There are 2 protein chains.
Amino acid sequence: MNTVAGERETPIYAAIAHPARRRLLDLLAEGDRSVKALAAPFAMSRPAVSQHLKILLDAGLVSERRAGRERLYRLRAERLREVQVWLSRYERFWHDHLAKLGRYLEEEP
Amino acid sequence: MNTVAGERETPIYAAIAHPARRRLLDLLAEGDRSVKALAAPFAMSRPAVSQHLKILLDAGLVSERRAGRERLYRLRAERLREVQVWLSRYERFWHDHLAKLGRYLEEEP
DNA sequence: TTGACTGGTAAGTCATAGCTTACGTATCAT
DNA sequence: ATGATACGTAAGCTATGACTTACCAGTCAA
């Protein structure tokens, strides 16, 4: 059993694994929002939403600034690019018809 | 506190949240592999890899077929498209940044 | 048939994710 | 100054994710 080298973990994939956090990002894509505004559509408590926001914050997917007694969260979508880059290695599987044909020929010798 | 409607959860995001499972997909992108071959690069036990494979299987990201005493796993990359579609809503954020950067560089030679 | 492989699954442990309520702090309005 | 608002965080609970070892069944080779 050999070890996989350079296994440094990105918190981004775990951050977007939860549907509530993806929804939060979706809301923030429309513009900066306060915690209250972000929590409104959810059935869960506001502290729960705060905890989700912290996870997004730690992953660098959002930033926060204070405005009076509110805290406004802002989307940092650039961090999602890492995921897109990883996904791009698989694009050929649904874009490239030749690849499909190649795989078909492989399974039918 | 209103409820978010239609909160149907996809197992795909959770499936790709674990680095070992992303690595397994990466390995399978090179071609079909037996469990033994897939487990080789990992420090964890083979049953652990089997359990990861089951999660990928349940998410529809891989399929399995039997060949003698081996089980060959095959990538089903099309299922990743769902993630790419979600990500595409954020592409403009870094495309905008790049466009701005490009214009800035043109103005300041 | 016997023994070596391949690989799934059960059982058990440990850590942590995800929620709740309770509380503290800063800000604003009156 | 007082009370209401916005929010973070601590504490505690439960469920589950991620591993391990032990065991089982199926396949192949001698």
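Residues numbered from 1 in each chain as written. Chains lettered and ligands numbered in written order. Predicted model: local features only at pLDDT ≥ 70, side-chain atom pairs only at ≥ 80, totals over all residues. Heavy atoms only, no water.

A.B. asks: Help me out: how do you make sense of the overall build of chain A in this one?
C.D. replies: Tallying secondary structure elements over chain A gives seven helices and three strands in all. Tracing chain A from N to C terminus, the helices and strands come up as α-α-β-α-α-β-β-α-α-α. Looking at chain A as a whole, 42% of its 109 residues are labelled buried. Residue pairs at least 24 apart in sequence account for 49% of intrachain contacts in chain A once pairs closer than 6 positions are excluded. Taken as a whole, chain A presents about 6,500 Å² of accessible surface, with 50% of it coming from carbon and sulfur. (Helix = DSSP H or I, 4+ residues; strand = E, 2+ residues; numbered from the N terminus. Buried < 20%, exposed > 50% of the residue type's maximum accessible area, 1.4 Å probe, protein only. Contact = heavy atoms within 4.5 Å. Areas by Shrake-Rupley, 256 points an atom, 1.4 Å probe, with all protein chains shown as cover.)

A.B. asks: Whenever I open this one, the nonpolar core confuses me. Can you help?
C.D. replies: One broad rule of soluble globular proteins: the nonpolar side chains tend to lie buried together. Core analysis: the largest hydrophobic core is formed by 60 residues, its most contacted members being Leu25, Leu61 and Tyr90 of chain A together with Leu25, Leu61 and Tyr90 of chain B. Among all residues touching Tyr90 of chain B, those that are not within four sequence positions of it are Arg22, Leu25, Asp26, Ala29, Leu75, Ala77 and Leu80 of chain A. (Core = buried A, V, L, I, M, F, W, Y, C linked by side-chain atoms within 4.5 Å.)

A.B. asks: Can you walk me through the interface of chain A and chain B in this structure?
C.D. replies: Accessible area lost during the coming together of the parts is what is often quoted as the interface size. Every contact between the two is made by 40 residues of chain A and, on the other side, 41 residues of chain B. A combined buried area of about 3,900 Å² lies between chain A and chain B, and 60% of that area is made up of carbon and sulfur atoms. Applying the counting rule to chain A against chain B returns two salt bridges. Across the pair Arg89 of chain B and Asp26 of chain A runs a salt bridge whose closest N-O atoms are separated by 3.1 Å. In this structure, the connection of chain A to chain B is made through 12 residue pairs in polar contact (both at pLDDT 80 or more). Residue contributions to the side of chain A that touches chain B peak at six residues, all from helix α2 (residues 19-28) of chain A. Residues that form the side of chain A that touches chain B fall into these classes: 24 nonpolar, four polar and 12 charged. (Buried area = accessible area lost by both parts, 1.4 Å probe. Salt bridge = Lys/Arg side-chain N within 4 Å of Asp/Glu carboxyl O. Polar contact = N/O pair within 3.5 Å; in protein donor to acceptor, adjacent residues only side chain to side chain. Nonpolar A, V, L, I, M, F, W, Y, C, P; charged D, E, K, R; others polar.)

A.B. asks: What is the right way to look at the protein's contact with DNA strand D in this model?
C.D. replies: Neighbouring DNA strand D are 22 residues; Lys36, Ser50 and Tyr73 of chain A together with Ser45 and His52 of chain B lie closest to it. Expressed as a percentage, the sugar and phosphate content of the atoms of DNA strand D within 4 Å of the protein is 61%. Separating a base oxygen of DNA strand D from a side-chain N or O atom of Arg69 of chain A is a distance of 3.4 Å. Between a base oxygen of DNA strand D and a side-chain N or O atom of Gln51 of chain B, the distance comes to 3.0 Å. Its residues assigned to classes, the surface near DNA strand D shows seven nonpolar, eight polar and seven charged. (Near = heavy atom within 4 Å.)

A.B. asks: What's the story with the protein's contact with DNA strand C in this structure? I'm lost.
C.D. replies: Around DNA strand C, the surrounding shell holds 21 residues, and the nearest of these are Ser45 and His52 of chain A together with Lys36, Ser50 and Tyr73 of chain B. Each atom of DNA strand C within 4 Å of the protein belongs either to a base or to sugar and phosphate, the latter forming 60%. Within the side chain of Ser45 of chain A, one N or O atom sits 2.6 Å away from a phosphate oxygen of DNA strand C. Here Tyr73 of chain B contributes a side-chain N or O atom positioned 2.9 Å from a phosphate oxygen of DNA strand C.

A.B. asks: Looking at this structure, how should I read the side chain of Ser63 of chain B?
C.D. replies: Residues and elements named next belong to chain B. By secondary structure assignment, the location of Ser63 is in strand β2 (residues 62-67). Taking the relative accessible area as the measure of exposure, Ser63 reaches 19% and is therefore buried. Among the polar contacts listed, one links the side chain of Ser63 to the side chain of Arg76, at a separation of 3.1 Å. Once residues lying within four places of it in the same chain are set aside, the contact partners of Ser63 are Leu57, Leu72, Tyr73, Arg74 and Arg76.

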